[in-house]
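Residues per chain are reported as follows:
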Amino acid sequence: MLSNTLEHGVLVITVDRDPGIDGRATLTTHITNLVDAHQPTPVVIVLTDGADGHAAVSAVLRAHQWCGRLGVLMSVVTHSAPVRRLLENNADTSGTRLVVHARVDTAITTAVTAAA
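What this report covers is the structure whose coordinates are included nearby.

Definitions and limits used
Each residue is numbered by its place in its chain's sequence as written, counting from 1. For this predicted model, a pLDDT threshold of at least 70 governs which residues receive local features, and a threshold of 80 or more governs which side-chain atom pairs are given and counted, while totals over whole chains, interfaces and linings are taken from all residues. The side-chain numbers reported here are obtained from all heavy atoms of the structure, hydrogens and water having been left aside. Here a strand is any run of E in DSSP of at least two residues, a helix any run of H or I of at least four, and the numbering for each starts at the N terminus. Values of the radius of gyration come from C-alpha atoms, whereas the globule rule sets the reference at 2.2 Å times the count of residues to the power 0.38. Burial classification: accessible surface area is computed with a 1.4 Å probe over protein chains only, and a residue below 20% of its type maximum counts as buried, one above 50% as exposed, and the rest as partly exposed. Contacts: residue pairs with any heavy atoms within 4.5 Å of one another. Only the protein chains shown count as cover for residues, and the accessible areas themselves come from Shrake-Rupley with a 1.4 Å probe. Only four residue types enter the charge count: Lys and Arg as positive, Asp and Glu as negative, with His and the chain ends excluded. Working definition for charges: the position is that of NZ of Lys, CZ of Arg, CG of Asp or CD of Glu. In this text, buried Ala, Val, Leu, Ile, Met, Phe, Trp, Tyr and Cys residues form a nonpolar core when linked through side-chain atoms within 4.5 Å. Each axis is a line fitted through C-alpha atoms, taken for helices only over the stretch in contact, and angles between the N-to-C directions span 0 to 180 degrees. Handedness of a crossing follows from how the near helix is turned relative to the far one, being left-handed for an anticlockwise turn of less than a right angle and right-handed for a clockwise one. Residue polarity follows a fixed list, in which Ala, Val, Leu, Ile, Met, Phe, Trp, Tyr, Cys and Pro are nonpolar, Asp, Glu, Lys and Arg are charged, and the others, Gly among them, are polar.

### Things to note about the overall build of the protein chain
Looking only at helices and strands, one finds 4 helices and 5 strands in the protein chain. Computed over its C-alpha atoms, the radius of gyration of the protein chain comes to 12 Å, within 12% of the 13 Å expected for a compact globule of 116 residues. The dimensions of the protein chain, computed from C-alpha atoms along their principal axes, are 35 × 30 × 25 Å. Every one of the 116 residues in the protein chain was classed for burial, and the buried ones make up 41%. Residue pairs at least 24 apart in sequence account for 72% of intrachain contacts in the protein chain once pairs closer than 6 positions are excluded. Surface accessibility of the protein chain: about 5900 Å² in total, with carbon and sulfur atoms responsible for 51%. On the protein chain, the mean spot of the 8 positive side-chain charges and the mean spot of the 10 negative ones are 5 Å from each other.

Spelled out as structure tokens, the structure:
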């Protein structure tokens, strides 16, 4: 369902598929556990084409809330313009702004720059 790497001091979490409504909580837990283990490292979550469903988006939005509480910079990458809009329109605005990118390299470079 997901994999992770560290690239230039940024935790990159790749979600390969939408977990469905029954797997949403599990995906959220996996993401937040990785964030906890690597904090204060910035986080980039990559939603592949197979992971652009509502449950994955919901899990990412919940993870963003978690990152906001911890003060961890988080951004998301998806090729889907409708999913980018959905994320931007539903992100928690009380903490750190959720930045949504179309390209992984841009997201990582931005995270490195913002963390410096």
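Moving on, there is more to tell.
### Notes on the nonpolar core
Core analysis: the biggest nonpolar cluster contains 26 residues, and V43, I45, L47, M74, L87 and L98 have the highest contact counts within it. Take this core: its biggest share by element is 7 residues, from helix α2 (residues 54–70). When neighbours within four sequence positions are excluded, M74 is seen to be in contact with V43, I45, V60, A63, H64, C67, R97, L98 and V99. If you look at the next biggest cluster of nonpolar residues, it comprises 8 residues, including V44, V46, V77 and A111.

### Quick look at the environment of D22
Structurally, D22 can be placed in helix α1 (residues 20–38). On the basis of relative accessible area, D22 is assigned to the exposed category, the value being 75%. A sequence separation of 52 residues divides D22 from M74, and the C-alpha atoms of the two residues are 24 Å apart.

### Topic: the packing of α2 against helix α3 (residues 81–90)
One can describe the packing of α2 onto α3 by two numbers: an axis separation of 11 Å at closest approach and a directional angle of 40°. Both α2 and α3 take part in a crossing whose hand is right-handed. Every residue of α3 that contacts α2 at H54, V57, V60 and L61 is listed here: V83, L86, L87 and N90. Class assignment of the residues belonging to the contact of α2 with α3 gives a composition of 6 nonpolar, 2 polar and no charged.

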